[in-house]
Amino acid sequence: MTVISAALFGTDWRPRPPGGAELLRECAARGWTVVLTGPGPAGAPALTVTAPGDDPVRAALALVDGVPSHAVAVAGSVREVRAARRAGVPCVALEAGGDAGPELRAAGAAEVHRDAAALLRVLDDSLLARPRAFGRVAAATGGPRNG
């Protein structure tokens, strides 16, 4: 399961970062359940959380009866990385969302990529392709840990 932040898309639902649409299509082609944390575009290869409130990652998990150990969030801001941590979901962050790599890592991102195109180029070696290899993520206050 992949949770992708709505913040990575414009109001007209055209992906903002280079490679955004291709990343969505590739995740869907691999059979991964993709949930966008916000209202999605018509015809998008994803389910959408239309009213995520303060817990968009938990809302996305609930939508598909998902569990944190089988999910990865793709975030575009420190706020979204923190939401993933609160839900116990490991997170891949994209700097194209506006926040810089050091801030995203400090917030708890396991990986930071320049944009969706950069993530797509290394998709097979990324956390998206192997969420359980990361180990558990401590919700709320803890950081990544093995186990």
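Refer to the structure presented above.
These numbers were taken from a predicted model, which means no experiment stands behind them. (Residues numbered from 1 in each chain as written. Predicted model: local features only at pLDDT ≥ 70, side-chain atom pairs only at ≥ 80, totals over all residues. Heavy atoms only, no water.)

**Regarding the environment of E80**
Selection criterion: Strands are runs of DSSP state E lasting at least 2 residues, helices are runs of H or I lasting at least 4, and numbering of each runs from the N terminus.
Position of E80 relative to the elements: it lies in helix α3 (residues 78-87). Remark: the alpha-carbon pair of E80 and T37, spanning 43 residues in sequence, is separated by 9.9 Å.

**Concerning the environment of A84**
Threshold: Residues count as neighbours in contact if any of their non-hydrogen atoms are within 4.5 Å of one another.
Looking at the element boundaries, A84 is found in helix α3. Remark: the alpha-carbon pair of A84 and P56, spanning 28 residues in sequence, is separated by 8.3 Å. Look past the residues within four positions of A84 in its chain and what remains in contact with it is V57, A73, V89 and C91.

**A closer look at the nonpolar core**
Nonpolar side chains tend to gather and get buried jointly when the protein is soluble and globular. Quick reminder of the rule: We define the nonpolar core as a collection of buried residues of types Ala, Val, Leu, Ile, Met, Phe, Trp, Tyr and Cys that are connected through side-chain atoms lying within 4.5 Å of one another. The classification of residues rests on relative accessible area computed with a 1.4 Å probe and restricted to protein chains. Under 20% of the type maximum is buried, over 50% is exposed, and intermediate values are partly exposed.
Grouped together as the largest cluster of nonpolar side chains are 17 residues, with contacts concentrated most on V57, V81, V89, C91, A93, L104 and A109. At the level of elements, α2 (56-63), β4 (72-75), α3, β5 (91-94) and α4 (101-107) are the ones that each hand at least two residues to this core. Apart from residues no more than four positions distant in its own chain, L104 is found in contact with S77, V78, V81, A93, L94, E95, D99, A109 and V112. C27, A116, L119 and L127 belong to the second largest nonpolar core, which has 15 residues in total.

**Considering the pattern of salt bridges**
Short version of the rule: Whenever a carboxyl oxygen of Asp or Glu lies within 4 Å of a side-chain nitrogen of Lys or Arg, that contact is scored as a salt bridge.
Evaluated as defined, the whole model comprises seven salt bridges. In this structure, R30 engages D124 in a salt bridge whose closest nitrogen and oxygen atoms are separated by 2.7 Å. Highlighted residues: R30 in the loop between α1 (20-29) and β2 (34-37) and D124 in the segment after α5 (116-121), separated in sequence by 94 residues. Residue D55 pairs with R86 through a salt bridge whose shortest N-O separation is 3.7 Å. Remark: R86 occurs in helix α3 and D55 occurs in the loop between β3 (47-48) and α2; sequence separation between them is 31 residues. When its relative accessible area of 32% is taken as the criterion, R86 is described as partly exposed. The network of salt bridges with common partners includes E26, R30 and D124.

**Topic: the pairing of β4**
Stated formally: For crossovers, right-handed means that the path from the first strand over the helix to the second runs clockwise, given strands pointing away from the viewer.
The two faces of β4 match: V72 and V74 on one face and A73 and A75 on the other face are all buried. Running through α3, the crossover from β4 to the neighbouring parallel element β5 is right-handed.

Distances and angles like these do not, on their own, reveal function.
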